[in-house]
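A closer look at the structure
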Amino acid sequence: QVQLVESGGGLVQAGGSLRLSCAASRPTFSGHSMAWFRQAPGKEREFVAGISGISRTGDIDYTDSAKGRFTISRDNAKSTVYLQMSGLRFEDTAVYYCAARTWGARPVVTTAEAYAYWGQGTQVTVSS
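Now for a look at the structure at hand.

Rules used throughout
- Residues numbered from 1 in each chain as written.
- Predicted model: local features only at pLDDT ≥ 70, side-chain atom pairs only at ≥ 80, totals over all residues.
- Heavy atoms only, no water.
- Disulfide = S-S within 2.5 Å.
- Helix = DSSP H or I, 4+ residues; strand = E, 2+ residues; numbered from the N terminus.
- Buried < 20%, exposed > 50% of the residue type's maximum accessible area, 1.4 Å probe, protein only.
- Core = buried A, V, L, I, M, F, W, Y, C linked by side-chain atoms within 4.5 Å.
- Phe/Tyr/Trp six-rings, centres within 6.5 Å; stacked < 30°, edge-to-face > 60°.
- Lys NZ or Arg CZ within 6 Å of the ring centre and 35° of its normal.
- Salt bridge = Lys/Arg side-chain N within 4 Å of Asp/Glu carboxyl O.
- Pairing = 2+ DSSP bridges.
- Axes fitted to C-alpha atoms, helices over the stretch in contact; angles between N-to-C directions.

1. Concerning the state of the cysteines
Scanning the model with the defined rule gives 1 disulfide in all. A disulfide bridge connects Cys-22 with Cys-98, and the sulfur atoms are separated by 2.0 Å. An S-S torsion of about -80° defines the bridge between Cys-22 and Cys-98 as left-handed. Here the residue Cys-22 occupies a position in strand β3 (residues 18-24), and Cys-98 occupies one in strand β9 (residues 94-100), the gap between them amounting to 76 residues. The residues Cys-22 and Cys-98 share a single accessibility class, namely buried.

2. Some words on the nonpolar core
Counting 29 residues, the largest nonpolar core has Trp-36, Leu-83 and Tyr-96 as the members making the most contacts within it. Listed by contribution, the elements that provide at least two residues to this core are β3, β4 (34-39), β5 (46-51), β7 (70-75), β8 (80-85), β9 and β11 (122-127). Core analysis: the second largest hydrophobic core is formed by 6 residues, Ala-35, Phe-47, Ala-99 and Val-108 among them.

3. Remarks on the packing of aromatic side chains
Taken as a whole, this structure holds 4 aromatic pairs when the rule is applied. Aromatic pair Phe-37 and Trp-118: ring centres 5.0 Å apart, planes at 55°, arrangement tilted. Here Phe-37, found in strand β4, pairs with Trp-118, found in strand β10 (residues 117-118); they are 81 residues apart in sequence, far enough to count as distant. Overall, the relative accessible area of 26% leaves Trp-118 in the partly exposed class. The ring of Tyr-97 has Arg-45 sitting right over it, with the charged end atom 3.9 Å from the ring centre. Lying across the ring of Trp-118, Arg-45 places its NZ or CZ 4.9 Å from the centre.

4. What about the pattern of salt bridges?
Applying the stated criterion to the full structure yields 4 salt bridges. One salt bridge in this structure joins Asp-92 and Arg-38, with 3.0 Å as the shortest N-O distance. Residue Asp-92 is located in the loop between β8 and β9, and its partner Arg-38 is located in strand β4; the two are separated by 54 residues in the primary sequence. Across this residue pair, the class does not change: Asp-92 and Arg-38 are buried. We note a salt bridge from Asp-64 to Lys-67, for which the minimum N-O separation is 3.3 Å. What makes Asp-64 exposed here is its relative accessible area of 64%.

5. Comments concerning the sheet that holds β3
A sheet is described by the order of its strands in space; here 4 strands give the open sequence β1-β3-β8-β7, paired in antiparallel fashion. Each having just a single partner strand, β1 (4-7) and β7 make up the two edges of the open sheet. Averaged over neighbouring strand pairs, the angle between their axes works out to 15° when direction is ignored. Where β7 lies against β8, 6 bridges are found, and the strand directions are antiparallel. Opposite Phe-70, over in β8, you have Met-85 as the bridge partner.

Dropping the structure here:
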C-alpha cells in the first residue's frame, strides 16, 4: 500500500507561484501513475494534472484551467511528484490532493475513482 504525504501548500497572492510536493512511501513509486486533484468548498473534487508511471513516459494531462500555468513532474529516485503552479488565481484556492493509481495502472485518467491511494491534502489559498 502506498502512503502519500503532500506539502508545500500555503497562502500566496494572485499571480504568484507555489510548488506542491507529494512524497510516496513505496519504493515501487515509479510504477504508479500519479495525479493531483483539488477540492474547493462546496465543489466536487476535480482533476488538476496527472503523469504516467515509468512505462508511460510522456503521458501527461492537465485540466483546461491549469494548462500553461501548472506543471506536473516526478522524481522517481525521490519517490516524489510535484505540481509547480504559476500565475495563481483566486479560483485556484482549494485543498490539493495527491493520488496514485495501483501499481502497473500507468495511464493517466481524470476520474477520482480510478485512483487507489490518496494523501491528506494540502491547503492552497490564493488572495488578492
